[in-house]
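# Understanding the architecture of this molecule
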2 protein chains.
Amino acid sequence: MTALPSGLLGVLDATSDRAVFRQIADQLREAIGKGHFAEGAKLPSESELVGHYGVSRMTVRNALSVLQGEGLVHSEHGKGVFVRPRPPVRRLASDRFARHHRDQGKSAFTVEAEAAGSHSQVDNLQVREERPSADVSARLGSPLRVLVRHRRYLLDGRPVEFATSYLPLDIAKGTPIAAPNPGPGGIYARLEELGHRLERFEEEVRARMPTPPEAKTLRLAPGVPVIRLVRTAYDTKGRAVEVCDTVMAADAYVLAYELPAQ
Amino acid sequence: MTALPSGLLGVLDATSDRAVFRQIADQLREAIGKGHFAEGAKLPSESELVGHYGVSRMTVRNALSVLQGEGLVHSEHGKGVFVRPRPPVRRLASDRFARHHRDQGKSAFTVEAEAAGSHSQVDNLQVREERPSADVSARLGSPLRVLVRHRRYLLDGRPVEFATSYLPLDIAKGTPIAAPNPGPGGIYARLEELGHRLERFEEEVRARMPTPPEAKTLRLAPGVPVIRLVRTAYDTKGRAVEVCDTVMAADAYVLAYELPAQ
DNA sequence: AAGTGGTCTAGACCACAAT
DNA sequence: TTGTGGTCTAGACCACTTC
């Protein structure tokens, strides 16, 4: 239990109604906000905080867990508690599926990653057929069976999103879409070659906390939500030809959309 | 300490590496997922769980705090811990700012709420002038000063979002836009009357955990993220005439966008 | 008054990391 | 070996809700 750099943290207000662990969390949050602890910097250890505030260890841990829940800090076993660096965010532009971004022999994800000087990977590739869920079925016009394509995307080694695509089997069966690697331009390019010229996409955006499997797949730190994006692609005949259900690490993305005023 | 309805919860695996509080959280999560505890239903009390599992109270509380962090349950002092009901979500369509939705004498928020049979309110109305932040300044083309309009929106009494609009002072000063109530159709209608015919909007969508003031303003339960939406409005001359920074309760919204394939 | 969750203590032993 | 965070115990007192 070494001494704490003086001045960074204050003292408790015994007359306050605010719980002690909240006061400690408030002071740490404020110190981080003021830059007294930079991104990636180590906070005082639990025993240092115990010594500084004169409280029990559980109280200190309670305070730290508040900050962890806010996504402000993360702990590393045996090392300490650190201010969470904000990772670089990937900006998804609303024209990312425009045709002219497609005819380049690579997937949209890869093209964009390389343009940003990042290394991209795709893993967990799975292709199968199944009966659609009620939600997917409704979006696709009630096909009996669908082709399911699942994959995970990594940027510079970090998993940032995973996605599952659903396509009516009568469209996709026996085509390159059903192959593990659908070829240059991805499945949208293949769909157009098959005569399904794409006209528009609908996207639905939600945010929530991850389920434990999602947190594991995306290696999410506590306090990081996920963005759920469900995209439906329509061809020029107005038929829904694909539904893509994506779960993204919210700290890795900003979605950009352009809306005409009409 | 009363007995627990048998069969709903299992026993601990002492040979498992998984921490006891995680095993308890897993079992509760699974029971909720299977519908053994419906939305809004009360979980066994802490002392019941202590009795059932034969662990200390802190271990049970640790397990419950895991579920709370996931947004699965919420606790009410003196009453119990309950499965969080998922509130009705408001669907924001991408044409919500289209002109034909504007000329009806009411704000977009009010119109949409009434169409859904909900009661809407706006409060915390504040209008002031200030120097723009670096971010707002960059988006608006570096005006010296901006008009700032802040307000909070409630649906059926529940706060669901708050928003801050920034407009270049040379556009807004001395106009109805600077009044607390800008009149029918909102500030977009007033902007068009002032000769700034709107052409397009850009929206940026992010998600993260709320700061404590945000959680207070939106009365967010633990484990509920916020969606941050920054919208920039451009007139037909290509000038940015407004930036609107919105923070929304993520459990109350789904954002819908339409993208042309081009 | 009884039951509930909220806060806090003062320990204990463990697993992981740095030295 | 030392310091760190991870887990767990067995209490205590408090505030809120319900009866």
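Everything quoted here is computed from the prediction, not taken from an experiment.

### A word on the sheet that holds strand β6 (residues 158-168) of chain A
In space, the eight strands of this open sheet follow the order β4(A)-β5(A)-β6(A)-β9(A)-β8(A)-β7(A)-β10(B)-β3(B), with mixed pairing throughout. Either end of the sheet is taken by a strand with one partner, and the two such strands are β4 (120-130) of chain A together with β3 (90-92) of chain B. The mean angle between the axes of side-by-side strands here comes to 15 degrees, regardless of whether they run parallel or antiparallel. As paired elements, strand β7 (residues 198-208) of chain A and strand β8 (residues 226-235) of chain A share 10 bridges and run antiparallel to each other. Its bridge partner being in β8 of chain A, Glu204 of chain A is matched across the sheet by Val230 of chain A.

### With respect to the relation of the copies chain A and chain B
Of the transformation placing chain A onto chain B, the axial shift is 0.1 Å and the rotation is 180 degrees, giving an RMSD of 0.1 Å. Viewed as a symmetry operation, the transformation between the two copies matches a two-fold axis. When the interface residues of chain A are mapped onto chain B, 100% of them are again interface residues, pointing to one common binding face.

### Here we look at the packing of helix α1 (residues 20-33) of chain B against helix α3 (residues 57-69) of chain B
All names here are of chain B. At a minimum axis separation of 8 Å, α1 and α3 run at an interaxial angle of 50 degrees. Taken together, the axis directions place α1 and α3 in an arrangement best described as oblique. For the pair α1 and α3, the sense of crossing is right-handed. Contacts between α1 and α3 involve Val20, Phe21, Ile24, Ala25, Leu28 and Arg29 on the former and, on the latter, Thr59, Asn62, Ala63, Leu64, Val66 and Leu67. When grouped by side-chain class, the residues that make up the contact of α1 with α3 number nine nonpolar, two polar and one charged.

### Thoughts on the protein's contact with DNA strand C
In the region of DNA strand C, 25 residues are neighbours, and Val20, Ser56, Thr59 and His77 of chain A together with Arg57 of chain B sit closest. Within 4 Å of the protein, the contacting atoms of DNA strand C are 66% sugar and phosphate, with bases supplying the remainder. Side-chain polar atom of Thr59 of chain A to a phosphate oxygen of DNA strand C: 2.5 Å apart, as the coordinates give it. Take Glu46 of chain B: an N or O atom from its main chain is 2.9 Å from a phosphate oxygen of DNA strand C.

### Brief notes about the domain arrangement of chain A
When cut into domains, chain A gives domain 1 (20-83) and domain 2 (90-255). Computed over C-alpha atoms only, the centres of domain 1 of chain A and domain 2 of chain A are separated by 38 Å.

### Topic: α3 of chain B
Residues and elements named next belong to chain B. The terminal C-alpha atoms of α3 lie 18 Å apart, and with 13 residues this matches the ideal 18 Å at 1.5 Å per residue to within 8%. For α3, the complete set of buried residues consists of Val60, Ala63, Leu64, Leu67 and Gln68. The arc that holds every buried residue of α3, seen down its axis, measures 145 degrees, which confines them to one face. On its buried face, α3 sits against α1, α2 (46-53), β1 (73-76) and β2 (80-83).

### Digging into the packing of aromatic side chains
Residue and element names in this part refer to chain B. In total, this model carries five aromatic pairs over all chains according to the counting rule given. On the numbers, 4.4 Å between centres and 35 degrees between planes, the contact of Phe109 with Tyr153 is tilted. Taken together, the residues Phe109 in helix α4 (residues 108-115) and Tyr153 in strand β5 (residues 146-155) connect sequence positions 44 residues apart. An identical accessibility class is assigned to Phe109 and Tyr153; each is buried. Seen in terms of ring centroids, Tyr188 and Phe201 are 5.3 Å apart; in terms of plane orientation they differ by 50 degrees. Their pairing is tilted.

What counts and what doesn't
Residues numbered from 1 in each chain as written. Chains lettered and ligands numbered in written order. Predicted model: local features only at pLDDT ≥ 70, side-chain atom pairs only at ≥ 80, totals over all residues. Heavy atoms only, no water. Pairing = 2+ DSSP bridges. Helix = DSSP H or I, 4+ residues; strand = E, 2+ residues; numbered from the N terminus. Axes fitted to C-alpha atoms, helices over the stretch in contact; angles between N-to-C directions. Least-squares fit on C-alpha atoms with pLDDT ≥ 70 in both. Contact = heavy atoms within 4.5 Å. Parallel < 35°, antiparallel > 145°, perpendicular 65-115°, else oblique. Left-handed = near helix turned anticlockwise from the far one by under 90°. Nonpolar A, V, L, I, M, F, W, Y, C, P; charged D, E, K, R; others polar. Near = heavy atom within 4 Å. Polar contact = N/O pair within 3.5 Å; in protein donor to acceptor, adjacent residues only side chain to side chain. Domains from an automatic or database assignment. Expected span 1.5 Å × (residues − 1). Buried < 20%, exposed > 50% of the residue type's maximum accessible area, 1.4 Å probe, protein only. Arc of directions from axis to C-beta. Phe/Tyr/Trp six-rings, centres within 6.5 Å; stacked < 30°, edge-to-face > 60°.

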